[in-house]
Amino acid sequence: MTQAMNELLGILDLEKLEDNLFRGRSPQTDWQRVFGGQTIAQALVAAQRTVEPDRHVHSLHGYFMRPGDTKLPIIYEVDRIRDGSSFTTRRVMAVQHGHAIFSLEASFHLDEGGLEHQIPMPLDVPEPDTLLTQRDLLEKFGEAVPEGIKLYWQRERPIEMRPIMLKHYTSRERLEPNQNIWIRTTGPVPNDRALRAAVLAYLSDMTLLDTSTFAHGRAIFDRDIQAASLDHSMWFHRSHPFDDWMLYTQDSPSTQGARGFTRGSLFARDGTLIASVAQEGLIRLKRSPAK
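Since the model is a prediction, treat every value here as computed from it, not as a measurement.

Criteria and thresholds
- Residues numbered from 1 in each chain as written.
- Predicted model: local features only at pLDDT ≥ 70, side-chain atom pairs only at ≥ 80, totals over all residues.
- Heavy atoms only, no water.
- Helix = DSSP H or I, 4+ residues; strand = E, 2+ residues; numbered from the N terminus.
- Rg over C-alpha atoms; globule rule 2.2 N^0.38 Å.
- Buried < 20%, exposed > 50% of the residue type's maximum accessible area, 1.4 Å probe, protein only.
- Contact = heavy atoms within 4.5 Å.
- Areas by Shrake-Rupley, 256 points an atom, 1.4 Å probe, with all protein chains shown as cover.
- Lys, Arg positive; Asp, Glu negative; His and termini not counted.
- Charge placed at Lys NZ, Arg CZ, Asp CG, Glu CD.
- Pairing = 2+ DSSP bridges.
- Axes fitted to C-alpha atoms, helices over the stretch in contact; angles between N-to-C directions.
- Phe/Tyr/Trp six-rings, centres within 6.5 Å; stacked < 30°, edge-to-face > 60°.
- Core = buried A, V, L, I, M, F, W, Y, C linked by side-chain atoms within 4.5 Å.
- Polar contact = N/O pair within 3.5 Å; in protein donor to acceptor, adjacent residues only side chain to side chain.
- Salt bridge = Lys/Arg side-chain N within 4 Å of Asp/Glu carboxyl O.

Engineer: So what about the overall build of the protein chain? Which residues, and what values?
Structural biologist: Looking only at helices and strands, one finds seven helices and 12 strands in the protein chain. In terms of overall size, the protein chain behaves like a compact globule, its C-alpha atoms giving a radius of gyration of 19 Å where 291 residues would be expected to give roughly 19 Å. Judged by the C-alpha coordinates and their principal axes, the protein chain covers about 55 × 50 × 40 Å. Per-residue burial over the protein chain gives 51% buried out of 291 residues. Within the protein chain, contacts between residues separated by at least 24 positions form 71% of all contacts whose residues are at least 6 apart in sequence. Accessible surface for the protein chain amounts to roughly 14,800 Å². Of this, 49% is attributable to carbon and sulfur atoms. Across the protein chain, the 34 positively charged side chains and the 38 negatively charged ones have centroids separated by 6 Å.

What follows is the structure, given as structure tokens:
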């Protein structure tokens, strides 16, 4: 278990202040703003704390409104919208400095049987054990990648990623707007379905926004790009242990109007489709200062 993974599990254990009111903290890092996946995951935990344990999240939809301040706690206010016979709906507002920074709506459902199918996992992808680790990537391509990406690879994080395509990091070639990344936690996640869903929500925010820049020979770390998540939706299909790698397959159908849109599917290594994700983010080109 890495220190970063211990920290992640710690920040997902929210403090209860009152009925429907919770407080979350951020890890002590040098990040300029709260990671979006953290806010999604903590808001989901707040909602889960007000739902009967036999009901599990099947979808969530969130909007980012302001950047989060890593130095202050985040207050999560839960609105118990509906408790139905088989579905439960919750709305969560994340607040800092007296203002909403993020809102979430989540729906929970009793387990039921029924029709079932899923799309297959891509077959033409190399196994994660054959790919370079991020430490290997630094040693091999450290001088060729932008400083922002280098700093990102150097950080200890609770999530390990092994990208299959590396051109995006080492060139400004225009690429097809899709990618496959193997991803896993750097330590065990307790066998708790609600906590697994929260960790899955956390990691689902990684790399999506960057995929929408591929077709333009760009990266979100470029100094002339202002990038930020605007909204995030997720559908939880099947519960699965986090004891191995998952394949995060992504494609970006559209970038326009200073916004990039990306879809993602998370597969267990055995091919089980665990979750689907969609996100739109700000991809704004900064204007050069007038001379």
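Engineer: Lay out the sheet that holds strand β5 (residues 87–96) in plain terms, naming residues and giving numbers.
Structural biologist: One open sheet holds the 12 strands; their spatial order is β1-β2-β4-β5-β6-β3-β9-β12-β11-β10-β8-β7, and the pairing between them is antiparallel. Strands with a single pairing partner mark the edges of an open sheet, and in this sheet they are β1 (15–18) and β7 (159–163). Between one strand axis and the next, the sheet turns through 25 degrees on average, direction left out of account. Both strand β11 (residues 259–268) and strand β12 (residues 273–285) contribute to a ladder of nine bridges, which runs antiparallel. Across the sheet, the residue bridging to Arg259 is Leu282, located in β12.

Engineer: Report on the packing of aromatic side chains, specifying residues and quantitative values.
Structural biologist: For the coordinates displayed, the defined rule picks out two aromatic pairs. Their ring planes at 75 degrees and their centres at 5.0 Å tell us that Phe35 and Tyr202 sit as a pair that is edge-to-face. With Phe35 in the loop between β2 (21–24) and α2 (36–48) and Tyr202 in helix α6 (residues 193–203), this residue pair connects regions lying 167 residues apart in the sequence. Take Phe35: its relative accessible area is 16%, and that puts it in the buried class. Ring geometry for Phe64 and Phe102: centres 4.8 Å apart, planes at 45 degrees, overall tilted.

Engineer: I'd like to hear about the nonpolar core, residue by residue, with values.
Structural biologist: In this structure, Leu60, Tyr76, Ile183, Val199, Leu200, Met234 and Leu266 are the most contacted members of the largest nonpolar core, which totals 55 residues. When residues in this core are grouped by element, the largest group, eight residues, is from α6. With residues near it in sequence (within four places) discarded, Val199 still touches Leu8, Leu9, Leu12, Thr185, Val189 and Phe242.

Engineer: Can you explain α6? Please cite residues and give values.
Structural biologist: Among the 11 residues of α6, nine are classified as buried, and the element is accordingly described as predominantly covered. Listing the buried residues of α6 in full gives Leu195, Arg196, Ala197, Ala198, Val199, Leu200, Ala201, Tyr202 and Leu203. Capping the start of α6 is the job of one residue whose side-chain oxygen sits 3.2 Å from the backbone nitrogen of Ala194: Asp192.

Engineer: Hey, could you go over the pattern of salt bridges for me, with residue numbers and the actual values?
Structural biologist: Following the criterion strictly, the structure yields 19 salt bridges and no others. The salt bridge involving Lys16 is made with Asp19; its shortest N-O contact spans 3.3 Å. Here Asp111 ties to Arg193 by a salt bridge, and the two come within 2.9 Å at their closest N and O atoms. Within this pair, whereas Asp111 is found in the loop between β6 (99–110) and α3 (134–141), its partner Arg193 is found in helix α6, the two being separated by 82 residues in sequence. What emerges from the salt-bridge pattern is a single network uniting Glu127, Asp129, Asp244 and Arg269.

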